[in-house]
Amino acid sequence: MPTILPIRDAADPRIAAYRDIRERDLVGRQGLFVAEGRVVLAMLVAATGYRAESVLIAAHRLDSLRGLIAPLGDDVPVYAAEQPVLDQIAGFPMHRGILAIGRRVDPPSPDALLASLPRDADVLVLGAIANHDNMGGLFRNAAAFGVGAVLLDADCCDPLYRKAIRVSVGGVLTVPYAILDRGDDPVELLERHGFAPLALTPAGAVTLSQVVPERRNAVLLGAEGPGLAADLIARARGVRIDMAAGFDSLNVATTGGIVLHHLAAGRHRSTSSS
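Read on for an overview of the structure. What you are looking at is a predicted structure, and each value in this text was computed from that prediction instead of being measured. (Residues numbered from 1 in each chain as written. Predicted model: local features only at pLDDT ≥ 70, side-chain atom pairs only at ≥ 80, totals over all residues. Heavy atoms only, no water.)

With respect to the overall build of the chain
Link 1 in the chain: When helices and strands are counted, the chain shows 10 helices and 12 strands.
Link 2 in the chain: Taken against the 2.2 N^0.38 rule, which gives 19 Å for 274 residues, the C-alpha radius of gyration of the chain at 21 Å falls within 12% of a compact globule.
Link 3 in the chain: Overall, the chain is about 60 × 40 × 35 Å in size when its C-alpha atoms are taken along their principal axes.
Link 4 in the chain: In the chain, buried positions account for 49% of the 274 residues.
Link 5 in the chain: For the chain, restricting intrachain contacts to residue pairs at least 6 apart in sequence, the fraction spanning at least 24 positions comes to 78%.
Link 6 in the chain: As displayed, the chain offers around 12,900 Å² of accessible surface, 53% of which is attributable to carbon and sulfur atoms.
Link 7 in the chain: Taken as two groups, the 27 positive and 30 negative side-chain charges of the chain have centres that lie 5 Å from each other. (Helix = DSSP H or I, 4+ residues; strand = E, 2+ residues; numbered from the N terminus. Rg over C-alpha atoms; globule rule 2.2 N^0.38 Å. Buried < 20%, exposed > 50% of the residue type's maximum accessible area, 1.4 Å probe, protein only. Contact = heavy atoms within 4.5 Å. Areas by Shrake-Rupley, 256 points an atom, 1.4 Å probe, with all protein chains shown as cover. Lys, Arg positive; Asp, Glu negative; His and termini not counted. Charge placed at Lys NZ, Arg CZ, Asp CG, Glu CD.)

This is the structure:
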């Protein structure tokens, strides 16, 4: 069991990483991130690709969280503060009363990540997803439907932003992901690893219901509004989701959930019939 260290002053230098977390998120954390809430902390403690650097808990929640933080090494400080002090540290009321600073350990390259996946796998490829709610929703869907990996282009926002992690319900910490360098060719990379690229676009040549999942599928999604680049769509299989007349737009996270469910259900039907 790690040692509990009381914090009585919001200016205590030991908890500097937690101070004014909203503002600090906006300027980046140099490889660190904030995990918030019991569920996300549990995933951080259990994750193999991440490490908890420290934990900050409202003192009144300590007893109920002792089992959760027990696996942490004694080199991970666990700070406890009364609720008013915790609120002052964070810069806003912290109703959940649970924060942690995490670090990603040895992030894989896109090539290595795809090479590590099993023979049957789906991946999500995201282009210019700049909204943290959408990023979190996409990772939540990826976790829910067993996606093997997520690839992000250089214009995507950081999935380890506090809000994205929270919206993903910790899915960001459970689904492996890698970031493409600017100028990387995602279609070439996917095809080299045997993934069939499916580009979601209202102008897709086939409807989602016509898509029969292959053993390896890659779902390409672009930002709401501009969507995917035309050259990516041209080199992939364009897929559309039919909607009511006069409307052709879905939230990108909703789109991702529908497509991933279709692929997962198709794979299940194929396995059951074989």
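Details of the packing of aromatic side chains
Link 1 in the chain: A full pass over the atoms with the stated rule returns two aromatic pairs.
Link 2 in the chain: For the ring pair phenylalanine 139 and tyrosine 177, a centre distance of 5.7 Å and an interplane angle of 80 degrees mean the geometry is edge-to-face. With phenylalanine 139 in helix H6 (residues 132-144) and tyrosine 177 in strand E8 (residues 177-179), this residue pair connects regions lying 38 residues apart in the sequence.
Link 3 in the chain: The ring of tyrosine 177 has arginine 104 lying over it, and the distance from NZ or CZ to the ring centre is 3.6 Å. (Phe/Tyr/Trp six-rings, centres within 6.5 Å; stacked < 30°, edge-to-face > 60°. Lys NZ or Arg CZ within 6 Å of the ring centre and 35° of its normal.)

Thoughts on the packing of helix H2 (residues 38-46) against helix H3 (residues 62-69)
Link 1 in the chain: Where H2 meets H3, the axes come as close as 10 Å, and the angle between the chain directions of the two elements is 25 degrees. Here H2 is positioned roughly parallel relative to H3, judged by the angle of their axes. Viewed along their axes, H2 and H3 form a crossing whose handedness is right-handed. Seen from H2, the contacting residues are Arg38, Leu41, Ala42 and Val45; seen from H3, they are Ser64, Leu65, Leu68 and Ile69.
Link 2 in the chain: Of the residues contributing to the contact of H2 with H3, the split by class is six nonpolar, one polar and one charged. (Axes fitted to C-alpha atoms, helices over the stretch in contact; angles between N-to-C directions. Parallel < 35°, antiparallel > 145°, perpendicular 65-115°, else oblique. Left-handed = near helix turned anticlockwise from the far one by under 90°. Nonpolar A, V, L, I, M, F, W, Y, C, P; charged D, E, K, R; others polar.)

Things to note about the pairing of strand E7 (residues 149-152)
Link 1 in the chain: Alternating positions in E7 separate into two faces, Ala149 and Leu151 on one and Val150 and Leu152 on the other, with burial throughout.
Link 2 in the chain: Pairing analysis gives four bridges linking strand E6 (residues 121-127) to E7, with the strands arranged parallel. In the strand pairing of E7, leucine 124 is matched with valine 150.
Link 3 in the chain: Considered for its hand, the β-α-β crossover made up of E6, H6 and E7 is right-handed.
Link 4 in the chain: Where E7 and E8 come together, three bridges link them in parallel fashion. (Pairing = 2+ DSSP bridges. Right-handed = clockwise from strand over helix to strand, strands pointing away.)

A look at the nonpolar core
Link 1 in the chain: Ranked by internal contacts, the top residues of the largest apolar core, which has 54 residues, are Leu124, Leu126, Met135 and Val150.
Link 2 in the chain: With five residues, helix H10 (residues 252-273) is the largest single contributor of residues to this core.
Link 3 in the chain: Counting 20 residues, the second largest nonpolar core, distinct from the first, contains Leu113, Ala121, Val125 and Ala178. (Core = buried A, V, L, I, M, F, W, Y, C linked by side-chain atoms within 4.5 Å.)

Topic: the sheet that holds strand E5 (residues 98-104)
Link 1 in the chain: Taken in spatial order, the five strands of this open sheet run E1-E4-E3-E5-E2, and their pairing is mixed. For this open sheet the edge positions go to strand E1 (4-7) and strand E2 (32-36), each flanked by a neighbour on one side alone. On average, each strand axis in the sheet is tilted by 25 degrees relative to the strand beside it, whichever way the strands run.
Link 2 in the chain: Here E1 runs beside strand E4 (residues 78-81); their pairing, made up of four bridges, is parallel. Residue pairing across strands places isoleucine 7 opposite alanine 81, the latter belonging to E4.
Link 3 in the chain: Across the sheet, H3 lies against E1, strand E3 (50-58), E4 and E5, angled at about 170 degrees from E3, the strand it touches most.
Link 4 in the chain: Lying over the sheet, helix H4 (residues 83-90) contacts E1, E3 and E4, oriented at roughly 130 degrees with respect to E3.

Looking at H2
Link 1 in the chain: Those residues of H2 that fall on the buried side of the exposure criterion are Val40, Leu41 and Leu44. With its buried residues spanning 100 degrees around the axis, H2 presents them on a single face.
Link 2 in the chain: Buried residues along H2 sit against E2, E3, H3, E5 and helix H7 (162-167). (Arc of directions from axis to C-beta.)

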